[in-house]
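Results of the structural survey
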Amino acid sequence: SLTPNEKHRVQIKAYRKVNGWNTYSKYVSYKTVTPTLTTPAAVINIKVGTNNGTAKISWNSAKNATSYQVLRYNADTKKYVTVGTTAKTSYTVTGLKKNTEYTYNIRSLRTVGEFTAKSSLGTKMTVKSSAKKNGWFTENGSKYLYKDGKKLTGAQLFSNRHFYLDTKTGAM
């Protein structure tokens, strides 16, 4: 197999097997090729909701992505750690400690054969795990934002981002 984004010289010659012996022709042509692997777009619109030690993470699909890498920031190492991969645009993390902040990010991946191209990281989302709903939840087909178990309405600042929610229902 050819390594993407590297130049390779490809030569062509014919061969014929006669009585168990291979007979080869001279090379008839050659060409320099550079196979490419398209880098997928970065994930956008990451949303995280927590409830009873579980985080539900969702995001918009990214162009050219074949799967997604779900990452959680480790403050001790100051690096993101992979918590899972999925072909879907949502992922559920369990076993979270209550009253603990978690920061998540998503990277889109494009895999072709044995090679994988990775996007840059999306916009991180930080949530605090609690026994009450925190973050985004889908109810009856609409997205709602909760903080400490209370459904928010109107203009809100959540995880350093501004959201404008219906002032009566709280729907996005």
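Residues numbered from 1 in each chain as written. Predicted model: local features only at pLDDT ≥ 70, side-chain atom pairs only at ≥ 80, totals over all residues. Heavy atoms only, no water.

Some remarks on the overall build of the protein chain
Rules: What counts as a helix is a DSSP run of H or I of at least four residues, what counts as a strand is a run of E of at least two, and both are numbered from the N terminus. Working definition: with a 1.4 Å probe on protein chains only, accessible area under 20% of the residue-type maximum means buried, over 50% means exposed, and in between means partly exposed. Only heavy atoms enter the contact rule, under which two residues are in contact if any of them lie within 4.5 Å. Using a 1.4 Å probe, accessible areas were evaluated by the Shrake-Rupley method; residue-level cover was limited to the displayed protein chains.
Summing up its helical and strand segments, the protein chain has zero helices and 17 strands in all. Out of the 172 residues belonging to the protein chain, those deemed buried represent 32%. Expressed as a percentage of contacts within the protein chain between residues at least 6 apart in sequence, the contacts between residues at least 24 apart total 54%. If you sum the accessible surface of the protein chain, you get close to 11200 Å²; carbon and sulfur atoms cover 47% of it.

A short note on the pairing of strand S5 (residues 47-51)
To keep it simple, the criterion reads: The pairing criterion for strands is at least two bridges between them, as found by DSSP.
When you tally the buried positions in S5, you get four out of five residues, the bulk of the element. As paired elements, S5 and strand S6 (residues 54-58) share five bridges and run antiparallel to each other. Bridge pairing in S6 links Thr 50 to Ala 55. Linking S5 to S6, which pair antiparallel, is a turn of two residues; within it Asn 52 sits at a positive phi near 50°. Where S5 and strand S13 (residues 134-139) come together, two bridges link them in antiparallel fashion. Pairing of Thr 50 across the sheet is with Asn 134, part of S13.

Describing the side chain of Gln 69
Basically, it comes down to this: For the purposes of these results, a polar contact is taken to be a pair of N or O atoms within 3.5 Å, where, inside protein, one atom must be able to donate a hydrogen and its partner to accept one; residues adjacent in sequence count only when each atom of the pair is a side-chain atom.
Turning to its location among the elements, Gln 69 is positioned in strand S7 (residues 67-74). A polar side-chain atom of Gln 69 sits 2.8 Å from a polar atom in the side chain of Thr 82. Look past the residues within four positions of Gln 69 in its chain and what remains in contact with it is Thr 82, Gly 84, Thr 85, Asn 105, Ile 106, Arg 107 and Leu 109.

Structural notes on unusual backbone geometry
Phi at Asn 64 is positive, roughly 70°, even though this residue is not glycine. Within the secondary structure layout, Asn 64 lies in the loop between S6 and S7.

Structural notes on the sheet that holds S5
Read across the open sheet, the six strands follow the order S9-S6-S5-S13-S14-S15; overall the sheet is antiparallel. Edge strands, defined here as strands with exactly one partner in the open sheet, are strand S9 (90-93) and strand S15 (150-151).

Comments concerning the nonpolar core
Here is the rule: Nine residue types can take part in a nonpolar core, namely buried Ala, Val, Leu, Ile, Met, Phe, Trp, Tyr and Cys, and a core is a set of them joined through side-chain atoms within 4.5 Å.
Core analysis: the biggest nonpolar cluster contains 16 residues, and Val 43, Ile 46, Val 48, Ile 57, Trp 59, Tyr 104 and Ile 106 have the highest contact counts within it. For this core, the elements supplying multiple residues, two or more each, are S6, S7, strand S10 (100-112) and strand S12 (125-129). Here Tyr 104 is in contact with Val 48, Ala 55, Ile 57, Leu 71, Arg 72, Tyr 80, Val 93, Leu 96, Lys 124 and Met 125, once residues within four sequence places are set aside.

Observations regarding the pairing of strand S2 (residues 15-18)
Judged from the four bridges that link them, S2 and strand S3 (residues 21-24) form a sheet pairing that is antiparallel. Its bridge partner lying in S3, Arg 16 is registered against Thr 23. Connecting the antiparallel pair S2 and S3 is a turn made up of two residues, with Asn 19 showing a positive phi of about 55°.

Here we look at the layout of surface pockets
Gaps between atoms show up when a probe of the same size as a water molecule is rolled over them. As a reminder of what qualifies: Lining residues are those with an atom within 4 Å of a point, where the points come from a 1 Å grid over the protein atoms alone and group into cavities, where a 1.4 Å probe fits but cannot get out, or pockets, open sets with protein on both sides within 12 Å along at least five of seven lines. Grid points are joined across faces, edges and corners, and a volume is the space filled by probe spheres set on the points. Classification convention: Asp, Glu, Lys, Arg as charged; Ala, Val, Leu, Ile, Met, Phe, Trp, Tyr, Cys, Pro as nonpolar; all other residues, Gly among them, as polar.
Size it by volume and the second largest pocket reaches roughly 200 Å³. Secondary structure elements with two or more residues in the lining of the second largest pocket: S7, strand S8 (79-86) and S10. With four residues, S10 is the largest single contributor of residues to the lining of the second largest pocket. Grouping the amino acids of the lining of the second largest pocket by side-chain chemistry returns five nonpolar, four polar and two charged.

So, a nonpolar patch on the surface
Inclusion rule: Nonpolar side chains (Val, Leu, Ile, Met, Phe, Trp, Tyr) are joined into patches within 5 Å and like charges within 9 Å, using only residues with over 30% relative accessible area and no salt bridge. For this document, the term salt bridge refers to a Lys or Arg side-chain nitrogen within 4 Å of an Asp or Glu carboxyl oxygen.
A cluster of nonpolar residues, Val 10, Ile 12 and Val 28, forms a patch on the protein surface that exposes about 250 Å² of accessible area. Residue placement: Val 10 occurs in strand S1 (residues 8-12). In this structure Val 10 comes out as partly exposed when scored by relative accessible area, which is 31%.

Re the packing of aromatic side chains
Working definition: an aromatic ring pair is given by the centre-to-centre distance plus the angle between the planes. The condition that has to hold: Two rings from Phe, Tyr or Trp (for Trp, the six-membered ring) form a pair when their centres sit within 6.5 Å of each other. Planes less than 30 degrees apart are called stacked, planes more than 60 degrees apart edge-to-face, and all others tilted.
For the structure shown, the criterion picks out four aromatic pairs. Relative to Tyr 24, the ring of Tyr 15 lies with its centre 5.6 Å away and its plane at 35°, an arrangement referred to as tilted. A relative accessible area of 57% places Tyr 15 in the exposed class.

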